[in-house]
Amino acid sequence: MEIYLDDHGELLPEQLELLNRVTLAVAKYCDCPGNSEVSISFINAEEIRVLNRDYRGKDTATDVLSFPINDELAMGSISLGDIVICMDVAREQAKEYGHSLNRELAFLLVHGLLHLFGYEHETSEDETEMKAAQNDILNTLRIGRE
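Bear in mind that the values here come from a model prediction, so they are computed numbers and not experimental data.

A. Region of the structure containing the side chain of H115. For H115, the position within the fold is in helix α4 (residues 101-116). When its relative accessible area of 15% is taken as the criterion, H115 is described as buried. Here the side chain of H115 touches Y119 through a polar contact of 2.9 Å, landing on its backbone oxygen. Not counting residues up to four positions away in its chain, the partners in contact with H115 are S66, P68, E120, H121 and M130.

In C-alpha cells:
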C-alpha cells in the first residue's frame with residue numbers, strides 16, 4: 001500500500017512510524033489489495049471547519065474527515081481516498097480524554113480509514129460494527145487508552 005502523507009512537518013518521526021503501522025494494520029484488517037493508495041493530510045481547525053461546512057453542511061471544526069474515492073488509477077493501482085485530520089482538535093481531544101496525542105492520532109486514523117472501507121456509524125448497528133473494528137485494530141497494535 002502506498003501512503004501519501006502531508007503533515008507540514010508537524011509530526012515527530014515516531015508519530016509518522018505509528019501512522020504507517022496503523023494504516024497497514026487497517027489495510028490488512030480490511031483485506032485491502034496491495035496496489036492501493038491513500039492520502040492523509042493534517043490541517044488546522046479553520047481549514048477543517050471549511051471542509052466540514054462545504055462537504056457535510058456542518059459549520060464547525062471536526063477531528064477527522066474521510067473522502068472515499070475507490071477509483072482505479074494508472075498502472076492498476078487503486079486510490080482508496082483522502083483522510084484529513086485536524087491536529088488542533090486531536091490535541092484538544094487527547095487532553096479531554098486523558099490520553100496521549102499519539103493514541104488520539106492512531107484512533108482518528110483508524111476511524112477515517114474504516115470510513116474509506118465502507119464502515120459507517122449512522123445506525124446503532126453500524127456504529128457497533130465500526131467500534132468493534134476500531135477496537136480490534138487498536139488492540140492488535142497494542143494501542144490502548146493510556
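B. Main features of helix α2 (residues 45-56). For α2, built from 12 residues, the straight-helix expectation of 16 Å at 1.5 Å per residue is met to within 8% by its first-to-last C-alpha distance of 15 Å. All buried positions along α2 are accounted for by I48, R49 and N52. The buried residues of α2 occupy an angular sector of 110° when projected down its axis, which confines them to one face. If you check the start of α2, you find a side-chain oxygen 3.1 Å away from the backbone N of E46, and it comes from N44. Looking one or two places after α2, you find G57, whose phi comes out positive at around 75°.

C. Focus on the pattern of salt bridges. Per the counting criterion, the structure on display carries 7 salt bridges. Among the salt bridges present, the one from D54 reaches R53, with a minimum N-O distance of 2.9 Å. Salt bridges sharing common partners tie together E10, D88 and R91.

Cut-off values and rules
Residues numbered from 1 in each chain as written. Predicted model: local features only at pLDDT ≥ 70, side-chain atom pairs only at ≥ 80, totals over all residues. Heavy atoms only, no water. Helix = DSSP H or I, 4+ residues; strand = E, 2+ residues; numbered from the N terminus. Buried < 20%, exposed > 50% of the residue type's maximum accessible area, 1.4 Å probe, protein only. Polar contact = N/O pair within 3.5 Å; in protein donor to acceptor, adjacent residues only side chain to side chain. Contact = heavy atoms within 4.5 Å. Expected span 1.5 Å × (residues − 1). Arc of directions from axis to C-beta. Salt bridge = Lys/Arg side-chain N within 4 Å of Asp/Glu carboxyl O.

Everything listed here is a matter of coordinates, which is why it stays silent on function.
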